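So the chains spell out like this:
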Amino acid sequence: MSDRLSVFKTYKLYVGGKFPRSESGRVYEVTDAKGKWLANAPLSSRKDARDAVVAARKAFGAWSGATAYNRGQILYRIAEMLEGRRDQYVAEVADAEGLSKSKAAAQVDAAIDRWVWYAGWTDKIAQVVGGGNPVAGPFFNLSSPEPTGVVAVLAPQESSFLGLVSVVAPVIATGNTAVVIASEKSPLPALSLGEVLATSDLPGGVVNVLSGRTAEIATPLAAHQDVNAIDLTGADETLAMELEIAAADNLKRVLRPQPVDDADWSATPGIDRMTAFLETKTVWHPTGALGASGSSY
C-alpha cells in the first residue's frame, strides 16, 4: 500500500488575474449530486464583490480598446487551454451535475466549441449590428457598436460549465469586462476556469470569478454605481425582481431571460447575448457641398 497522502485542491477566487481567498476567510462545503463532499469553496463577501468591480473597471480600457481580432485570438486560446484540460473538466462537471462521463464529456466539448464560436464573432458583430444610415442631408451617418462596460453575470445554477461559458463568453467577446458569480451549488468548474483564464493571455481583471451565496454577492453588485449592466440568468424570480429594482438606480442594462431557469444551453446561442451589452454610437460627418455635380468628395 502507498503511504503517500493525497493533495487536496484548494479552490480560490479569481480576481484581477490573481487567486485570493475570500476577504471574509469563510468557506462552504460543495457536494456532488449524491451529497458526497467534494471541496470547500470560498464564500465571497461584499468586499470581494467590490474588489472584483475595481479589477474589472481597471481592465476595461485596455480590453475594450484592443482590436476585435486580438480579442478573438485570446478567446480561441482559451478554447485551446480547455481542450488540454478536458479530462479535468469532464470529471468536475460529472460530479457537479450528477452526469455520466459521456454526458459530461458532451457538455465540456460543447463549452469548448462555444468559446471557438464566440472567438469567430469578435470581428464580425460590428458588421452585423452596425452600418451606414440614409439621412436627408449632405452627411455620412454611421452607427457602430461599443461595449457597455462592467457587467455583473449571475451564472446559471444548473449548468455549471456549458451554461457558465454561454453567459461569460459573449460578454467579453464584445469588449466588456465581467464579474461572474458562479453557480452556488456547483461552483468548482467556474473556479477551475479561472486557472485557464490566467494562463490564456486574457488580461487580469477582464473576467473575475466569485463563489458563494448568489443573493449575498449579487445584491451589492446590482446596486454598485460602477457596474453598467447585469445578467440575471442565475437568479430566481424573487431575487431577479429585487436586483432589477436595485439596478435601476444608475440605469444599468438588465438581461432577464424568461423564464429565468429554462434555458437550453446546447442550442445555437445566436447573437442576442452579445447585443444585450452593446451601446450604439452614431457619428455624423458632413459630405461637403452638394451641387449639380454631386458631392465634393
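Along each chain, the written sequence defines residue order, and numbers are assigned to residues from 1. At least 70 in pLDDT is required for a residue's local features to be given in this predicted model, at least 80 for side-chain atom pairs to be given and counted, and no such filter applies to totals for whole chains, interfaces and linings, which use all residues. Hydrogens and waters are ignored; side-chain quantities use all the structure's heavy atoms.

## A closer look at the overall build of the chain
To qualify as a helix, a DSSP run of H or I must reach at least 4 residues; to qualify as a strand, a run of E must reach at least 2; elements of each kind are numbered from the N terminus. Scanning the chain from terminus to terminus reveals 10 helices and 12 strands. We compute the radius of gyration over the C-alpha atoms and compare it with the globule rule, which gives 2.2 Å times the number of residues raised to the power 0.38. Relative to the globule expectation of 19 Å for 297 residues, the C-alpha radius of gyration of the chain, 21 Å, shows essentially globular dimensions. Projecting the C-alpha coordinates of the chain onto the three principal axes gives extents of approximately 95 × 40 × 35 Å. Note on classification: 1.4 Å probe, protein chains only; a residue is buried when its accessible area is under 20% of the maximum for its type, exposed when over 50%, partly exposed between these limits. Here the chain, with 297 residues, has 47% of them falling under the buried criterion. We call two residues in contact whenever any of their non-hydrogen atoms come within 4.5 Å of each other. Long-range pairs, those at least 24 residues apart, make up 75% of the contacts in the chain with a sequence separation of at least 6. As presented, the chain carries roughly 14100 Å² of accessible surface, and 54% of it is formed by carbon and sulfur atoms. Here the chain contributes 28 positively and 33 negatively charged side chains, and the mean placements of these two sets differ by 5 Å. Using a 1.4 Å probe, the Shrake-Rupley method yields the accessible areas, and only the shown protein chains count as cover for residues. The positive count covers Lys and Arg only, the negative count covers Asp and Glu only, and His and the chain ends enter neither. Charge positions are represented by NZ for Lys, CZ for Arg, CG for Asp and CD for Glu.

## Observations regarding the sheet that holds strand β8 (residues 229-231)
One requirement defines pairing of two strands: DSSP has to find at least two bridges between them. Taken in spatial order, the 5 strands make up an open sheet running β7-β6-β5-β8-β9, and their pairing is parallel. If you trace the sheet from one side to the other, it starts and ends with β7 (207-210) and β9 (253-255), each paired once. This sheet shows a mean twist of 15° between the axes of neighbouring strands, independent of strand direction. In this structure, β8 lies alongside β9, joined through 3 bridges in parallel fashion. Paired with aspartate 231 across the strands is leucine 255, a residue of β9. Axes, fitted as lines to C-alpha atoms, cover a helix only where it is in contact. Angles between the N-to-C directions of the axes lie from 0 to 180 degrees. This element, helix α1 (residues 46-65), spans β5 (150-154), β6 (177-181) and β7 of the sheet and lies at about 155° to β6.

## Re the pattern of salt bridges
Where charged atoms from two side chains of opposite charge come close, those side chains can pair. Salt bridges are defined by distance alone: a side-chain nitrogen of Lys or Arg within 4 Å of a carboxyl oxygen of Asp or Glu. Going through the model one piece at a time under the given rule, you end up with 15 salt bridges. For the salt bridge of glutamate 195 with lysine 9, the shortest nitrogen-to-oxygen distance reads 3.0 Å. Of this pair, glutamate 195 sits in helix α7 (residues 188-197) while lysine 9 is found in the segment before β1 (27-31), placing the two residues 186 residues apart along the sequence. The partly exposed category is assigned to glutamate 195, whose relative accessible area is 23%. The partner of arginine 57 in a salt bridge is aspartate 226, and the shortest N-O contact between them spans 3.1 Å. Placement of arginine 57 in helix α1 and of aspartate 226 in the loop between α8 (214-223) and β8 is noted, with a sequence separation of 169 residues between them. In this structure arginine 57 comes out as partly exposed when scored by relative accessible area, which is 26%. Several salt bridges converge on common partners, so that one network encompasses Lys9, Arg85 and Glu195.

## Thoughts on the sheet that holds strand β3 (residues 131-132)
Pairing in this open sheet of 3 strands is antiparallel, and the strands run β3-β4-β10 from one edge to the other. Looking at the sheet topology across the chains shown, the edges are occupied by β3 and β10 (278-286). In the sheet, β3 pairs with strand β4 (residues 139-147) via 2 bridges, with the strands oriented antiparallel. The residue bridging glycine 131 from the neighbouring strand is serine 143, located in β4.

## Quick word on the side chain of serine 211
Mapped onto the elements of the fold, serine 211 is located in the loop between β7 and α8. Pairs of N or O atoms are called polar contacts if they sit within 3.5 Å, as long as, within protein, a hydrogen donor faces a hydrogen acceptor (for residues adjacent in sequence, only side-chain-to-side-chain pairs). Within the structure, serine 211 has its side chain in polar contact with the backbone oxygen of proline 42 (distance 2.6 Å). In contact with serine 211, not counting residues within four places along its chain, are Leu13, Tyr28, Ala41, Pro42, Leu43, Ser44, Pro187, Leu191 and Ile217.

## Examining the nonpolar core
Residues Leu82, Trp115, Phe161, Ile172 and Val207 are the most contacted members of the largest nonpolar core, which totals 61 residues. Apart from the residues within four sequence positions on either side, valine 207 is in contact with Tyr14, Val168, Ile172, Ala178, Val180, Leu197 and Leu202. The criterion is simple. A nonpolar core is a set of buried Ala, Val, Leu, Ile, Met, Phe, Trp, Tyr and Cys residues joined through side-chain atoms within 4.5 Å. Within the second largest apolar cluster, 25 residues are counted, among which are Ala56, Val179, Ala235 and Leu243.

## Examining the environment of glycine 98
Summarising the element assignment, glycine 98 is placed in the loop between α3 (86-97) and α4 (101-121). For glycine 98, a relative accessible area of 48% corresponds to the partly exposed category. It is 7.6 Å that separates the C-alpha atoms of glycine 98 and lysine 34, two residues lying 64 residues apart in sequence. The contacts of glycine 98, once residues within four sequence positions are left out, are Ala33 and Val93.

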